[in-house]
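Residue-level structure breakdown
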Amino acid sequence: MKLTSSSTSFKQAFTSKSIRIASKCTQRFAHASSLAAADVLHAPLQNSVSFEELGLHPPIVTALRRAFRNVIHPTESQAQFIPAVLSGKDVLLRDLTGSGKSFGLAVALLNKPRLRAKVTREGRTNEHHYITSLVLVPHRDLAYQYMHWIERIVSCAAVDPPPDLESVVQILVRDGSTHLTEGLGRLQENLPHILIGTPQAVMDVWHKDRNVLQLQRLSIVVVDEADYLVETLPRKDPHKSFRPGVIRAAKKLLAHPGVTRELLDMIYAKRRELSEEHRDEPGLVQHQRRIGLKETPSNAQHLPQLVMCSATLRGHLRTHLFQESGWLNKDNAVIFKGANAAPTTKSKKINVVGGTGVTHSVLVVSEESIVNIKGAVSGTEAARDQALTPELIFGTAEDPEALDLDKNVAGSERYEKTPSPFNPNALEAIATAFAVDVPRVGLLVLPASASIQRAIYELREMGVNAHGLDMVKDEKGKKHLLQLERNASEAEENPTLLVSTLATTRGIDLPELSHVFILGIPEGPKVCGRGVDGYLQMAGRVGRFGRGGKVITVIEASEEAKMERILNTISVVPVRFSYFGPE
């Protein structure tokens, strides 16, 4: 696509809503024809185990199937880790985004026995409930994702009336100071079976009222997106030239270990002490304790089970967990690596495109043109070559109401008078690709330093129905979270583009989402393990539970070589986005 001018040409081309809709419909007619074979429902997976066979309680399985009618069998990853979680083992779980880690953990936690104790006061004995499971997540939207899953299952329980939701699950996230007022008040009145929170919000409440959380009584702690929440330093050769930088980073991490580390250090303080005592213990003694010939010390028997999960779980984090942290019960711990676990930066054995049914395209923008990256191959529909498994797919929600594109964006008056911080051709490429190819919902992930509100303003100026991602509000994400029956490929008149940064998209599953747009090189201009992980996290918002999808990255010409390195690292061959010209 050659550009005759800046984004003004795009605005003129898409000023009329009817023109935009007609253009989309023309594109989608051919698109729908090519997807006809993929729309046929496939038979359930052969030789799949049932949820009941994993040890889940039949009433909860019944509620699960009522809540998510197309979820029939557990995924391969869930079939491995759910029994381990139910048995009380410490678990390190690594598998691709979209393999059902978080959803499977939510279901498993509902099956954990509720912690209760007899409390005698003033001659009267009452039963007191405690928090059974603490789930630590990196951001509020993932907390609400867990909440919606559990709420839907609870509402379908075969009891009348259904269980009180606040006794089953509560959320603790920073929203001003409400977590220290309303959130703390709910906990003081009614401790839930499952508490889902961001580490900082949990720590705030602990400082405010150290008795309410009863952290020493927890049965299980789950850390989702562990690579992000527990920072560790890659192992470096101490003789290399970057040694001073590594030393500075290590000192900084020692001085500021992060809130998640502080919480886990506090919860597992007794185990840390025991780990120090056993540091030089002979291997034979450790083996005897693992097989039951030597008894585990009583002061470590009742510490909470620990589950750490992520799409990557890099080597330096695993080393920290097993050798340094003191959190794990190494005598009763297992590692699960999914069959399609995300590749590390040193591994090129896994073809992410073929493994997930997702195509990856890269658009390079300049002053003169928008073109596909060098080496892009034809086959824009390659994502649909994989057979979908609708029995693992959540259904669709009702048709979203048309949203008012003229609604003011905060700061819009100021934006009109200030130059754009974005490359106008990059936003034009995203707006164009969205207009011609997205049937219902797309997601744009911006660099961490970018202004989401400014991007929304400029995209709306181009006629795009853009909203900031927010799982609490319907038009900004919540209504796309829980679907009923419609396929995500069905087009609607006014598709939605949700706008976010990487920090607020980790772990999110939007069943209607078919496209992820990435602006710029993930995690900054340098190519490193965190950058590759960041790309995998963003790309992993599509292709979940066997669904197809597209990842479209928009970069400037100076970033092309770095993007090629990221794609080579994860063994992805870019697919040409046919609307734009070849390299």
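Residues numbered from 1 in each chain as written. Predicted model: local features only at pLDDT ≥ 70, side-chain atom pairs only at ≥ 80, totals over all residues. Heavy atoms only, no water.

**Overview of the overall build of the chain**
Counting secondary structure elements, the chain contains 21 helices and 16 strands. Burial analysis of the chain (583 residues in total) assigns 52% to the buried set. Counting only contacts in the chain whose residues sit at least 6 apart along the sequence, the fraction spanning at least 24 positions is 82%. Here the chain displays about 26,400 Å² of accessible surface, and carbon together with sulfur accounts for 51% of that area. (Helix = DSSP H or I, 4+ residues; strand = E, 2+ residues; numbered from the N terminus. Buried < 20%, exposed > 50% of the residue type's maximum accessible area, 1.4 Å probe, protein only. Contact = heavy atoms within 4.5 Å. Areas by Shrake-Rupley, 256 points an atom, 1.4 Å probe, with all protein chains shown as cover.)

**As for the nonpolar core**
Within the largest apolar cluster, 75 residues are counted, with the highest numbers of intra-cluster contacts made by Tyr146, Ile150, Ile196, Tyr535 and Met563. In terms of residue count, helix α6 (residues 140–155) provides more of this core than any other element does, eight residues in total. No fewer than three residues from each of domain 1 (51–236 + 249–277 + 301–337) and domain 2 (358–394 + 411–484 + 493–570) sit in this core. Beyond its immediate chain neighbours, meaning those up to four positions away, Ile150 contacts Ala106, Leu110, Val168, Val169, Ile194 and Ile196. With 34 residues, the next largest nonpolar core counts Leu195, Trp206, Leu321 and Leu328 among its residues. (Core = buried A, V, L, I, M, F, W, Y, C linked by side-chain atoms within 4.5 Å. Domains from an automatic or database assignment.)

**Digging into the pattern of salt bridges**
Under the definition given, this model contains eight salt bridges. Note that Arg65 and Glu52 form a salt bridge whose closest N and O atoms lie 3.0 Å from each other. Of this pair, Arg65 sits in helix α3 (residues 58–67) while Glu52 is found in the loop between α2 (17–34) and α3, placing the two residues 13 residues apart along the sequence. Note on Arg65: relative accessible area 30%, which makes it partly exposed. For the salt bridge of Arg272 with Asp265, the shortest nitrogen-to-oxygen distance reads 3.1 Å. (Salt bridge = Lys/Arg side-chain N within 4 Å of Asp/Glu carboxyl O.)

**Here's the deal with the packing of helix α4 (residues 76–87) against helix α5 (residues 101–110)**
Viewed as axis vectors pointing N to C, α4 and α5 meet at an angle of 35 degrees, and their least axial separation amounts to 10 Å. Judged by the twist between their axes, the crossing of α4 over α5 is right-handed. Contacts from Ser77, Gln78, Phe81, Ile82, Val85 and Leu86 in α4 reach Lys101, Phe103, Gly104, Leu105 and Ala108 in α5. Partitioned by chemical class, the residues of the contact of α4 with α5 number seven nonpolar, three polar and one charged. (Axes fitted to C-alpha atoms, helices over the stretch in contact; angles between N-to-C directions. Left-handed = near helix turned anticlockwise from the far one by under 90°. Nonpolar A, V, L, I, M, F, W, Y, C, P; charged D, E, K, R; others polar.)

**Structural notes on unusual backbone geometry**
Unusually for a residue other than glycine, Gln214 sits at a positive phi of about 50 degrees. Structurally, Gln214 can be placed in the loop between α9 (199–208) and β7 (220–224). Its relative accessible area of 16% is what places Gln214 among the buried residues. The backbone of Ser571 shows a phi angle near 55 degrees, a positive value even though the residue is not glycine. Inspection of the secondary structure puts Ser571 in the segment after α21 (560–569).

**Observations regarding the environment of His360**
For His360, the location among the structural elements is in strand β10 (residues 358–365). For His360, a relative accessible area of 1% corresponds to the buried category. Taking the C-alpha atoms as reference points, His360 and Ala539, separated by 179 residues in sequence, lie 8.4 Å from one another. Looking at His360, its side chain comes within polar contact range of the side chain of Tyr535, at 2.8 Å. (Polar contact = N/O pair within 3.5 Å; in protein donor to acceptor, adjacent residues only side chain to side chain.)

**Some details on the UniProt feature "domain: DEAD-box RNA helicase Q" (unreviewed entry) in the chain**
When the UniProt feature table is mapped onto this chain, "domain: DEAD-box RNA helicase Q" (unreviewed entry) is found at residues 49–79. Along residues 49–79 the backbone is 45% helical and 0% strand, and the end-to-end C-alpha distance reaches 7 Å. (UniProt positions renumbered as here; feature names shortened; annotations may be inferred.)

**Examining α9**
By the criterion of burial, α9 is predominantly enclosed, with seven of the ten residues buried. All buried positions along α9 are accounted for by Pro199, Ala201, Val202, Met203, Asp204, Val205 and Trp206.

**Digging into the environment of Ser361**
When you line up the elements, Ser361 lands in strand β10. For the pair formed by Ser361 and Ala376, sequence separation is 15 residues and the distance between their alpha carbons is 7.5 Å.

**So, the pairing of strand β15 (residues 513–519)**
Of all seven residues that make up β15, seven are buried, and the element is covered over most of its length. In terms of strand pairing, strand β12 (residues 441–446) meets β15 through five bridges, oriented parallel. If you follow Gly442 over to β15, its bridge partner there is His515. Two strands pair when backbone bridges link them, and β15 and strand β16 (residues 549–556) are joined in this way by five bridges, in the parallel orientation. What sits directly across from Ile518, in β16, is Thr553. (Pairing = 2+ DSSP bridges.)

**Some thoughts on the packing of α5 against α6**
In contact at an axis separation of 10 Å, α5 and α6 are set at 50 degrees when each is read in the N-to-C sense. Classed by the angle they form, the pair α5 and α6 counts as oblique. Crossing of α5 against α6: the hand is right-handed. Along its contact with α5, which presents Ser102, Phe103, Leu105, Ala106, Val107 and Leu110, the element α6 presents Tyr146, Trp149, Ile150 and Ile153. (Parallel < 35°, antiparallel > 145°, perpendicular 65-115°, else oblique.)

**What to know about the sheet that holds strand β4 (residues 133–136)**
Pairing in this open sheet of seven strands is parallel, and the strands run β5-β6-β4-β7-β8-β1-β9 from one edge to the other. Looking along the sheet, the strands with just one partner apiece sit at the ends: β5 (169–172) and β9 (333–337). Ignoring strand direction, the axes of neighbouring strands in this sheet form an average angle of 15 degrees. In terms of strand pairing, strand β1 (residues 90–94) meets β9 through five bridges, oriented parallel. Bridge assignment links Leu92 to a residue of β9, and that residue is Ile335.

**A word on the sheet that holds strand β14 (residues 496–501)**
What the seven strands build is an open sheet, ordered β11-β10-β16-β15-β12-β14-β13; its pairing is mixed. The open sheet is flanked by β11 (370–372) and β13 (466–468), the only strands paired with a single partner. Put simply, the sheet's adjacent strands are angled 25 degrees from each other on average, direction ignored. The sheet strands contacting α21 are β10 and β16, and the helix crosses β16 at an angle near 150 degrees.

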